[in-house]
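# A look at the structure
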Amino acid sequence: MPQAPAQLAIRRGAVVRVAQAVSGARGKAPEWTLVQWPEARILWAHSGFDRPEAVQAVLRRHPRLWCDLAFRGDHASGSTVDPGWRAAFDEFPGRFMVG
């Protein structure tokens, strides 16, 4: 993320949307953004494409990070939530959204 938009978002208290995977070829964009601007509030778009354990690990390191799971069917089947995602939701109940 370029510095000027990041600084503007920080000054205004806005949430910055970052859309990259932890395990993807583009690297760890949500984490990189938070290392560069730790006071930023980040919404990690499409975090649901990563493994729940990877998502939990990043959330543990960054309290100013929230996750947009993307609307996918593999987080739950019927009324049963995937055990890995259940653990993530239980550990971070206020930091997930479906978008």
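Scroll up for the structure.
Below or above, wherever it landed, is the structure these notes cover.

Definitions and limits used
- All residue numbers refer to position in the chain's written sequence, counted from 1.
- With pLDDT at 70 or above as the cut-off, local features in this predicted model cover only qualifying residues; side-chain atom pairs require 80 or more to be listed or tallied, and sums for whole chains, interfaces and linings still use all residues.
- Note that the side-chain values use all heavy atoms of the structure and ignore hydrogens as well as water.
- By definition, any uninterrupted DSSP run of H or I lasting at least four residues is a helix, any uninterrupted run of E lasting at least two residues is a strand, and each is numbered from the N terminus.
- Burial classes follow relative accessibility: with a 1.4 Å probe on protein chains only, a residue under 20% of its type's maximum area counts as buried, one over 50% as exposed, and anything between as partly exposed.
- Paired strands, in this sense, are two strands between which DSSP finds at least two bridges.
- If the strands point away from the viewer and the path from the first strand over the helix to the second runs clockwise, then the crossover is right-handed.
- Here a polar contact is recorded for every N or O atom pair within 3.5 Å, except that within protein the pair must consist of a potential hydrogen donor and a potential acceptor, and residues adjacent in sequence are included only if both atoms are side-chain atoms.
- Working rule for contacts: check all heavy atoms of both residues, and any pair within 4.5 Å makes them a contact.
- Just to be clear on terms, a salt bridge is a Lys or Arg side-chain nitrogen sitting within 4 Å of an Asp or Glu carboxyl oxygen.

All right, on to unusual backbone geometry then. Although it is not a glycine, histidine 46 adopts a positive phi angle of roughly 65°. Along the chain, histidine 46 falls in the loop between β2 (41-44) and α3 (52-61). What makes histidine 46 partly exposed here is its relative accessible area of 34%.

Here we come to the pairing of β2. Where strand β1 (residues 15-18) and β2 come together, four bridges link them in parallel fashion. From the neighbouring strand, valine 15 faces β2, where its bridge partner is arginine 41. Bridging between β2 and strand β3 (residues 65-68) involves three bridges; their strand directions are parallel. Within β3, the position partnered with isoleucine 42 by the bridge is leucine 65. At this point the chain moves from β2, through α3, to the parallel β3, and the crossover so formed is right-handed.

Read from one edge to the other, the open sheet built from four strands follows the order β1-β2-β3-β6, with strand pairing classed as parallel. Both edges of this open sheet fall to β1 and β6 (96-97), since each of them pairs with a single strand only.

Once that is clear, we can look at the side chain of histidine 75. Topologically, histidine 75 is positioned in the loop between β3 and β4 (76-77). Relative accessible area serves as the criterion here: at 7%, histidine 75 is assigned to the buried category. For histidine 75, the side chain forms a polar contact with the main-chain oxygen of glycine 48, separated by 3.4 Å. Apart from residues no more than four positions distant in its own chain, histidine 75 is found in contact with Gly48, Leu69, Ala70, Val81, Asp82 and Trp85.

The final tally for this structure, using the stated rule, is two salt bridges. Across the pair arginine 61 and glutamate 31 runs a salt bridge, and its minimum N-O distance is 2.4 Å. You can see arginine 61 sitting in helix α3 and its partner glutamate 31 sitting in helix α2 (residues 29-36), a full 30 residues away along the chain. Given a relative accessible area of 45%, arginine 61 falls into the partly exposed group. For glutamate 31, a relative accessible area of 11% translates into the label buried. In this structure, glutamate 91 engages arginine 60 in a salt bridge whose closest nitrogen and oxygen atoms are separated by 2.8 Å.

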